[in-house]
Amino acid sequence: MTLFTTGADSLKVVAIGALQVVAVFAFAPLLTGIMRKVKARTQKRIGASVFQPYYEISKLWSKDEVVSDYSSWVFRSAPWVVALATITAALFIPVFVPFSPFSAAGDVLLVIGLLALARFFTMLAGIDAASAFGGIGTSREMMISSLVEPGLFLTIFVVSLTLGGTDLTSLVGAAARSGVVIAPSMLFGLISFFIIILAETGRLPFDNPATHLELTMVHEAMVLEYSGRSLALIEWSQSTKQLVLLALLANLFLPLGMPTSIDVGLLPLGLGALAVLAKVALISVLVAYVETRVAKWRLFRVPDLLTVAIASAMVGMIFFYL
Amino acid sequence: MQVPLSEVLTLSSVALLVSTFGVVVRRGFAGWLSAYRYQSVVLAGSTAVIAYATGLWEIYAAAILTLVVKAIVIPRLLVRVTESVKDEFKIEANPYVSIRLSLLISALLVALSYGVIHETLISANLDVYALTYLPVSVSLFFIGLFVMVSRRMALNQVVGLLIIENGLFLFTTALTQGVSLIIEVGILADILVGVMISALLLLRMSQTFDSFDMVSLESLKDD
């Protein structure tokens, strides 16, 4: 960050970065609430208020926890590892402003590593309590996540080749500078990234976030044993992950309204943040519509959809090299 | 707002490729037909773009004909013919090459056709339409051919043939900017008759064998 020479400026930048992270945590449950509300309305239900996830988290936070006698320290520490890994990942991602506080320390690959760490501990916790459901959920999650990986990496290659570099702050800045690009490689990248986000955040047709039916749940099966404060942590980190991934989609592929760098003044930054919020809300409405339209796919058809993501990213690579 | 021509061309070629992938990834007849219909609409749109840029009314006529025949008449015809067939025969349950593998192969075929076109035609002084659409049309051709050889269902062969035809139409339109309208009409009539004949064959096949599986054609019947 050589842009900021004076002390006052760098202080301001740090303040904006910190504010961004706080805003991410504050808005993440709201996004989940919006998705649930839209889904309910498209299914002709009234649905709970969009603030329901906040009530749930605050209620869970003050409740007692039940921990199985047969579980080890892994079970007890997993929610904290998951939450910390997600928070750290959020610090690397430019969500509302084209700047992230930790951007100098790591790039998009590190973010993926952190999210993978969170997922790894969720899976460990799923097996640790030794319930049958946890095992089912974990094996399914392992299968899906190992198939998501190649598509995700190909998509990242497409994006970093097209926009230059793997550093997220400069990527988002480059996307904002180029405006609405109709580059074929980015269009194919957008398709595969959307499918991958559906898989990563456990939405339909990969996983039904609203179910507790033993045959269909994936993520819910892994966290079935959790209660109280641990469950609150896990749900909050899941919402946060969803928000940062959707914001990344909006910032990289639909950069309309995003200021090109952090030092354009407070008003454009605020407007840009509002634009990001609006775009993320729109995308989440779209995801909720998709969820209403499709049924959960049979587990062994899930690779088909992930192959679509891989093939699409491959075609994106081809278009880049032309 | 002035939209640059090259971006419209790029968008339409991406849409064409996506619809072709739609045919590859779907398992059911309805899915193939809707992907084909979507592809034909995009094809008519890109023909109209060429017409707008060159200002030739014959290409407009070709675009409208494409829209009417390929997006409306042919899908309706195929749906009508297969109405009496049971739904379980309209699903590609057991292709020679699995759906996932054929998706990846299709992506490689797109790469191949772009490579071939850029190797052979880059020196040949082409305009922007030819440069954008020729690789797409070649990949439509390849993917259609691949769909035909890798699937068992007779319905899928028809759809593969139609994709190949779309590719050829795009090829001629992009390269020559409109052969004469008579020839276009002739080709379209040809396709229509071809689809009718294949529909007839499909109907006979479903009556005789009670399935659309190509394998059942290979065994000799003694009656």
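The structure presented is a predicted model; accordingly, all values stated were derived computationally and were not measured. (Residues numbered from 1 in each chain as written. Chains lettered and ligands numbered in written order. Predicted model: local features only at pLDDT ≥ 70, side-chain atom pairs only at ≥ 80, totals over all residues.)

A few words on the interface of chain A and chain B. It is common to report an interface's size as the accessible area lost on association of the parts. The partner chain B presents 17 residues to the 13 residues of chain A that form the contact. Looking at the side of chain A that touches chain B, the element that brings in the most residues is helix H11 (residues 302–320) of chain A, giving nine residues. Of the residues belonging to the side of chain A that touches chain B, the class tally is 11 nonpolar, one polar and one charged. (Contact = placed C-beta atoms within 7 Å. Helix = DSSP H or I, 4+ residues; strand = E, 2+ residues; numbered from the N terminus. Nonpolar A, V, L, I, M, F, W, Y, C, P; charged D, E, K, R; others polar.)

Quick look at helix H6 (residues 154–176) of chain B now. Relative to the 33 Å expected for 23 residues at 1.5 Å per residue, H6 of chain B spans 33 Å between its end C-alpha atoms, a close match to the ideal helical length. Trailing H6 of chain B by a residue or two, Gln177 of chain B shows a phi angle of about 50°, which is positive. (Expected span 1.5 Å × (residues − 1).)

Residues and elements named next belong to chain A. Counting through the fold element by element, Lys44 comes out in the loop between helix H1 (7–42) and helix H2 (52–61). In this structure Lys44 comes out as exposed when scored by C-beta crowding, with 6 C-beta atoms within 10 Å. Sequence-wise, Lys44 and Phe121 are 77 residues apart; in three dimensions their C-alpha atoms are separated by 37 Å. (Buried ≥ 20, exposed ≤ 12 C-beta atoms within 10 Å, placed from the backbone.)

Moving on: unusual backbone geometry. Residue and element names in this part refer to chain A. The phi dihedral of Lys44 falls on the positive side, at around 60°, and the residue is not glycine. Backbone geometry places Ala130, a non-glycine residue, at a positive phi of 60°. Tracing the backbone shows Ala130 in the loop between helix H4 (108–128) and helix H5 (132–163). Take Ala130: there are 14 C-beta atoms within 10 Å of it, and that puts it in the partly exposed class.

Describing two packed helices takes the angle between their axes plus the distance from one axis to the other. All names here are of chain A. Two elements in contact, H5 and helix H6 (residues 168–178), have axes separated by 10 Å at closest approach and are oriented at 60°. Comparing their axes, H6 and H5 come out oblique. Classified by chirality, the crossing of H6 by H5 is left-handed. Judged by residue contacts, Val159, Ser160 and Leu163 of H5 engage Leu171, Ala174 and Ala175 from H6. Of the residues that constitute the contact of H5 with H6, the class distribution is five nonpolar, one polar and no charged. (Axes fitted to C-alpha atoms, helices over the stretch in contact; angles between N-to-C directions. Parallel < 35°, antiparallel > 145°, perpendicular 65-115°, else oblique. Left-handed = near helix turned anticlockwise from the far one by under 90°.)

Here the focus is the nonpolar core. With 149 residues, the main nonpolar core has Ala89, Ile93, Leu243, Val244, Ala247 and Val315 of chain A together with Val159 of chain B as its most contacted residues. With 13 residues, helix H9 (residues 228–253) of chain A is the single largest residue contributor to this core. Setting aside anything within four residues of it in sequence, one finds Val244 of chain A in contact with Val24, Ala89, Ala90, Ile93 and Val95 of chain A. (Core = buried A, V, L, I, M, F, W, Y, C linked by C-beta atoms within 7 Å.)

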